[in-house]
Amino acid sequence: MSAAIATRAQVPLSAIMRQAIKGLRKSAMIVEGPTEALPATVRSQKADWGRIVRARVGVAAVYFPFMGTFLSWPFVAKYLVDGRMGRW
């Protein structure tokens, strides 16, 4: 195969590859978001630690009892059924 034919055979494939790479770059830019620095028109706010702590305590008040109950059911089942399997 001559060099001219080999180059012509690669041209459509390279155009398709360029389009694919261009599309991947665009999708990566969409996911990444803006890279330029945003203007500081408003001063940043101080952290509201009271609100943050209340939110975390509220989550912990639900999470730990639920997970404790969920993870301890084998021990409760062993206590309830121990020695009585097949007698009920």
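What you see is a predicted model, and the numbers here were worked out from it, not measured in a lab.

Asks: Lay out the overall build of the chain with the relevant residues and their values.
Replies: Assigned secondary structure in the chain consists of two helices and zero strands. Buried residues in the chain amount to 0% of all 88 residues.

Asks: Give a description of the packing of aromatic side chains that names residues and reports values.
Replies: Under the definition given, this model contains two aromatic pairs. Ring geometry for phenylalanine 66 against phenylalanine 70: centres 6.3 Å apart, planes inclined by 10 degrees, an arrangement best described as stacked. With phenylalanine 66 and phenylalanine 70 both in helix H2 (residues 49–81) and four residues apart, the pair spans about one turn of that helix. According to the relative accessible area criterion, phenylalanine 66 is exposed, its value standing at 53%.

Asks: Can you explain H2? Please cite residues and give values.
Replies: End to end, H2 covers 47 Å across 33 residues, agreeing with the expected 48 Å (1.5 Å per residue, within 8%). The largest bend along H2 measures about 50 degrees and falls at serine 72, with the proline proline 74 one to four residues further on. One or two residues past the end of H2 sits glycine 83, with phi positive at roughly 80 degrees.

Asks: Tell me what's going on with the pattern of salt bridges, and back it up with residues and numbers.
Replies: Evaluated as defined, the whole model comprises one salt bridge. The salt bridge involving aspartate 48 is made with arginine 51; its shortest N-O contact spans 3.7 Å.

Conventions and cut-offs
Residues numbered from 1 in each chain as written. Predicted model: local features only at pLDDT ≥ 70, side-chain atom pairs only at ≥ 80, totals over all residues. Heavy atoms only, no water. Helix = DSSP H or I, 4+ residues; strand = E, 2+ residues; numbered from the N terminus. Buried < 20%, exposed > 50% of the residue type's maximum accessible area, 1.4 Å probe, protein only. Phe/Tyr/Trp six-rings, centres within 6.5 Å; stacked < 30°, edge-to-face > 60°. Expected span 1.5 Å × (residues − 1). Bend = angle between axes of the 7 residues up to and from the residue. Salt bridge = Lys/Arg side-chain N within 4 Å of Asp/Glu carboxyl O.

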